[in-house]
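Residue-level listing of the chains:
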Amino acid sequence: MTDQIASAQTLESVAFTANELCAPPSTSHVSSDPISGELNTFARQWQSRLVTGIQTGSASGSNQPDSGTSSSTSLRSHRKPSSVISPRELIVGLKKWIGVVQGVEGGMFTAELSPIDHEGPALLADFDLELLAPDDNVQAGDVVYLTSRYVRAARGYSTATTQVRLRRPGLWTQDEVTEIQESARDEAQQFNQYVD
Amino acid sequence: MLTDPPAPDVLEVSIFGPGKGECVLVHLGSNRWIVVDSCKDQRSRQVSALTYLDGIGVNPAEAVMLVVATHADDDHFSGIADVFERCASAIFVCSEAVTKEEFFALTKADDRAHAGLRVRAFSEYRKVFDIVRSRSSSGPGFRPLRRALQQRSLLHGTPADSDARVLALSPSDEAVSRAQLALASALPVPGQPRRLAKVNPNELAVALWVEALGKRILLGADLLHGPDGCGWIAVLSTFTPTELASVFKVSHHGSITGHHDGIWQQLLQKSPVALLAPFRSGNVSLPTIEDRSRILSLTEEAFITAGSRMPTLPRAARREAGSLGPLARNVREPWGTVGHVRARSQLGGDTWSVVYQAPAQRLSMA
């Protein structure tokens, strides 16, 4: 699939030093050690894949307008990797999900999350609206991204950083709306011949 | 899994759910079937109707007369394009409202709102429309699409027409108009943000009356109580059966919003077999305890395809949930395992034999 937000990146390119990691923004959460056994397992898996350099991102290929995501992105994937990579302070895992907002209620929004760079089940989860930028005005039908990064820090400690971003695919243009209406009218007429 | 096919003189109603969606299969006799809505197991990715028909040795390509999409809500149509694809000789029945310009425009906007991503609200319908188009071009005179509107007979022209009757009880003209307005309100507006249309007007729902092998079945879809001129109010004001139904697929997952006393007084026999599937994806799970109490006060023969409570996360989902991090709260997988309730009755018999497969169960207050 094409993902405009995730630009092409290999695991080598996400192997930043700890100094390159920005301070976590309001949309991110950093959890400290001890991490769960499952997370350790996951991190080990990614660490082993890191050696083989498996590509985890996909190249952008869409021509659709996209005005970006919430401004609170903490880690930009186009950033150049450091020339000095500490083997003890690496991003050892990266997982991404795409979520379709199902509803907004009580200061929370509910999203149906599907993995976009790995196999896994779809899940529903609630998120605090404050995780998004104040002007995001999230509504049902919007799309969000959730990214989890796992960083193996010094002395073997690990941290996990998660981030929620609203996808901003831009605004409808008059030309698009007109074209949609006209083609819908044509299709409705065309389907009359298929109706018994 | 239930693997024994019905005899030619046995009427069957099977309900599957929730998975993602809800599905009803009806055997009209003589290996003639209709499929109403669809559900897909989110763990196995199997489409329940097809899995069941395959399991009992029925070829959907020959045996299914109609595939009915009662309304455009993904808790009812997940996998329905796969069903229609396999049911090569079936006619696809949809609400009159979804063949209107407004719905086509919504599906087109749906394609473009987040172009390049897999997320869609109406992808199943786009696939169905593509199949309709391809089948129409394959043979002259074959029209694979039928619009459901109140009092419209749906089986005509099929091999089952002489033995059985499937009548659309809804939507009414008024409901179609209201649904069109609701769909139009979700159309893209210049200068407004692109987003997927999250509109699912239950006004357009197709409730069905089925007669076969001397018995009658009422399939309530997600039809709501009203308002005036719509829903069950409209059905009850325009339809009076000569004989009452003995099986009811309870409308709208047992919710009070789909209840009307007149359904039970004017359309159903006393203590009918009631079948329903729960709804667990929203903030309120259905049926509620009040809904269960009401249904059980109307019939003791009520069955549900799964419990209303949120299912426990399986191991793979727990692992995935752990990866989401602490920002994600109340992580859940509401679809769970698909349950199956099957009711059968032989020609000339007065009773229904009901069997069910876990997590299906008798409806209770628990």
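Residues numbered from 1 in each chain as written. Chains lettered and ligands numbered in written order. Predicted model: local features only at pLDDT ≥ 70, side-chain atom pairs only at ≥ 80, totals over all residues. Heavy atoms only, no water.

Visitor: An account of the overall build of chain B is needed here, citing residue identities and associated values.
Guide: Counting secondary structure elements, chain B contains ten helices and 19 strands. Its C-alpha atoms give chain B a radius of gyration of 20 Å, near enough to 21 Å, the size a compact globule of 366 residues would have. In chain B, buried positions account for 61% of the 366 residues. Pairs at least 24 residues apart make up 69% of the contacts formed inside chain B by residues separated by at least 6 positions. Surface accessibility of chain B: about 13,200 Å² in total, with carbon and sulfur atoms responsible for 48%. Distance between charge centroids for chain B: 7 Å, based on 40 positive and 37 negative side chains. (Helix = DSSP H or I, 4+ residues; strand = E, 2+ residues; numbered from the N terminus. Rg over C-alpha atoms; globule rule 2.2 N^0.38 Å. Buried < 20%, exposed > 50% of the residue type's maximum accessible area, 1.4 Å probe, protein only. Contact = heavy atoms within 4.5 Å. Areas by Shrake-Rupley, 256 points an atom, 1.4 Å probe, with all protein chains shown as cover. Lys, Arg positive; Asp, Glu negative; His and termini not counted. Charge placed at Lys NZ, Arg CZ, Asp CG, Glu CD.)

Visitor: Please set out the nonpolar core residue by residue, giving values where relevant.
Guide: Membership of the largest hydrophobic core comes to 69 residues, with the highest contact counts inside it found for B:Trp33, B:Val67 and B:Phe92. Here this core takes six residues from helix α4 (residues 101-113) of chain B, the largest share from any one element. (Core = buried A, V, L, I, M, F, W, Y, C linked by side-chain atoms within 4.5 Å.)

Visitor: Hey, could you go over the pairing of strand β7 (residues 158-168) of chain A for me, with residue numbers and the actual values?
Guide: Residue and element names in this part refer to chain A. The buried count for β7 comes to nine of eleven residues, which makes it a mostly enclosed element. In the sheet, strand β6 (residues 143-152) pairs with β7 via nine bridges, with the strands oriented antiparallel. Bridging from a neighbouring strand, Ser 148 pairs with Thr 162 of β7. Between β6 and β7, which follow one another and run antiparallel, lie five residues, and Arg 155 among them has a positive phi close to 60°. (Pairing = 2+ DSSP bridges.)

Visitor: Describe the packing of aromatic side chains, naming the residues involved and giving the relevant values.
Guide: Counted under the stated rule, the structure contains 17 aromatic pairs over all chains. Taken together, a centroid distance of 6.4 Å and an interplanar angle of 90° make the contact between B:Phe103 and B:Phe129 edge-to-face. In this pair, B:Phe103 is assigned in helix α4 and B:Phe129 in helix α5 (residues 123-138), connecting sequence segments 26 residues apart. For the pair B:Phe103 and B:Phe129, one class covers both residues: buried. Here B:Trp232 and B:Phe248 contribute two aromatic rings whose centre-to-centre distance is 6.4 Å and whose plane-to-plane angle is 80°, an arrangement assigned as edge-to-face. Of this pair, B:Trp232 sits in helix α7 (residues 231-238) while B:Phe248 sits in strand β13 (residues 245-249), placing them 16 residues apart in sequence. The residues B:Trp232 and B:Phe248 share a single accessibility class, namely buried. By way of ring pairs, the aromatic residues A:Phe191, A:Tyr194, B:Phe77, B:Phe103, B:Phe104, B:Phe122, B:Tyr125 and B:Phe129 are connected into one cluster. (Phe/Tyr/Trp six-rings, centres within 6.5 Å; stacked < 30°, edge-to-face > 60°.)

Visitor: Talk me through the interface of chain A and chain B; I want residue IDs and the actual numbers.
Guide: With 72 residues of chain A in contact, the opposing surface of chain B contributes 59 residues. Each partner contributes to the roughly 5,700 Å² buried at the junction of chain A and chain B, and carbon and sulfur atoms together form 57% of this total. In this assembly, chain A and chain B are joined by twelve salt bridges. A:Asp142 is the partner of B:Arg195 in a salt bridge, and the nearest nitrogen-oxygen pair spans 2.9 Å. The interface formed by chain A and chain B holds 30 residue pairs in polar contact (both at pLDDT 80 or more) in total. If you list the elements that add at least two residues to the side of chain A that touches chain B, you get β1 (28-31), β3 (90-105), β4 (108-115), β5 (123-128), β6, β7 and α2 (174-192) of chain A. Ranked by residues supplied to the side of chain A that touches chain B, first place goes to α2(A) with 14 residues. Looking at the side of chain A that touches chain B, its residues break down into 33 nonpolar, 24 polar and 15 charged. In this structure, β5(A) lies alongside strand β16 (residues 329-332) of chain B, joined through two bridges in antiparallel fashion. (Buried area = accessible area lost by both parts, 1.4 Å probe. Salt bridge = Lys/Arg side-chain N within 4 Å of Asp/Glu carboxyl O. Polar contact = N/O pair within 3.5 Å; in protein donor to acceptor, adjacent residues only side chain to side chain. Nonpolar A, V, L, I, M, F, W, Y, C, P; charged D, E, K, R; others polar.)

Visitor: I'd like a description of the sheet that holds strand β15 (residues 302-304) of chain B, backed by residues and values.
Guide: Residues and elements named next belong to chain B. Spatially, eight strands are ordered β9-β10-β11-β12-β13-β14-β15-β19 in an open sheet, and the strand pairing comes out mixed. The two strands at the open ends of the sheet, each matched to only one other strand, are β9 (152-153) and β19 (361-362). Across three bridges, strand β14 (residues 268-276) lies against β15 in parallel orientation. Its bridge partner lying in β15, Leu 275 is registered against Phe 303.

Visitor: Which residues make up the packing of α4(B) against α5(B), and what are the values?
Guide: All names here are of chain B. Their axes nearest at 10 Å, the elements α4 and α5 cross at an angle of 115°. Compared by their axis directions, α4 and α5 come out roughly perpendicular. With respect to the hand of their crossing, α4 and α5 are arranged in left-handed fashion. Between α4 and α5, the contacting residues are Phe 103, Phe 104, Thr 107, Lys 108, Asp 110 and Asp 111 on the first element and Ser 123, Tyr 125, Arg 126 and Phe 129 on the second. Tallied by class, the residues present in the contact of α4 with α5 amount to four nonpolar, two polar and four charged. (Axes fitted to C-alpha atoms, helices over the stretch in contact; angles between N-to-C directions. Parallel < 35°, antiparallel > 145°, perpendicular 65-115°, else oblique. Left-handed = near helix turned anticlockwise from the far one by under 90°.)

Visitor: Which residues make up the confidence of the model for chain B, and what values do they have?
Guide: With 99% of its residues at a pLDDT of 70 or more, chain B has an overall mean of 93. Listed scores for the predicted complex are pTM 0.83 and ipTM 0.86. (pLDDT = per-residue confidence, 0-100.)

Visitor: Hey, could you go over the state of the cysteines for me, with residue numbers and the actual values?
Guide: A complete count under the given rule lists zero disulfides over all chains for this structure. Of the cysteine sulfurs around B:Cys87, a residue in no disulfide, the closest is that of B:Cys23, at 9.7 Å. (Disulfide = S-S within 2.5 Å.)

Visitor: Describe the environment of B:Asn283, and please don't skip the residues or the numbers.
Guide: In this structure, B:Asn283 sits in the loop between β14 and α9 (289-298). In this structure B:Asn283 comes out as exposed when scored by relative accessible area, which is 54%. Here B:Asn283 is in contact with A:Glu105 and A:Thr110, once residues within four sequence places are set aside.

Visitor: Can you break down α2(A) residue by residue, with the values?
Guide: Taking 1.5 Å as the rise per residue, α2(A) with 19 residues should run 27 Å; its terminal C-alpha atoms sit 28 Å apart, in good agreement. Of all the positions in α2(A), only A:Glu176, A:Val177, A:Ile180, A:Ser183, A:Ala184, A:Glu187, A:Ala188 and A:Phe191 are classed as buried. Here the buried residues of α2(A) occupy an arc of 145° about the axis, which is enough to place them on one side. The exposed residues of α2(A) that point more than 90 degrees off its buried face are A:Asp175, A:Asp186 and A:Gln189. Elements in contact with the buried residues of α2(A): α4, α5 and β8 (145-148) of chain B. (Expected span 1.5 Å × (residues − 1). Arc of directions from axis to C-beta.)

Visitor: Give a detailed account of the packing of α4(B) against helix α6 (residues 173-185) of chain B, specifying residues and quantitative values.
Guide: All names here are of chain B. The geometry of α4 relative to α6 is characterised by a closest axis approach of 9 Å and an angle of 25° between their N-to-C directions. In terms of orientation, α4 lies roughly parallel with respect to α6. Where α4 crosses over α6, the handedness of that crossing is left-handed. In this structure, α4 uses Glu 102, Phe 103 and Leu 106 to contact α6, whose residues at the interface are Gln 180, Leu 183 and Ala 184. Here the contact of α4 with α6 is composed, by residue class, of four nonpolar, one polar and one charged.

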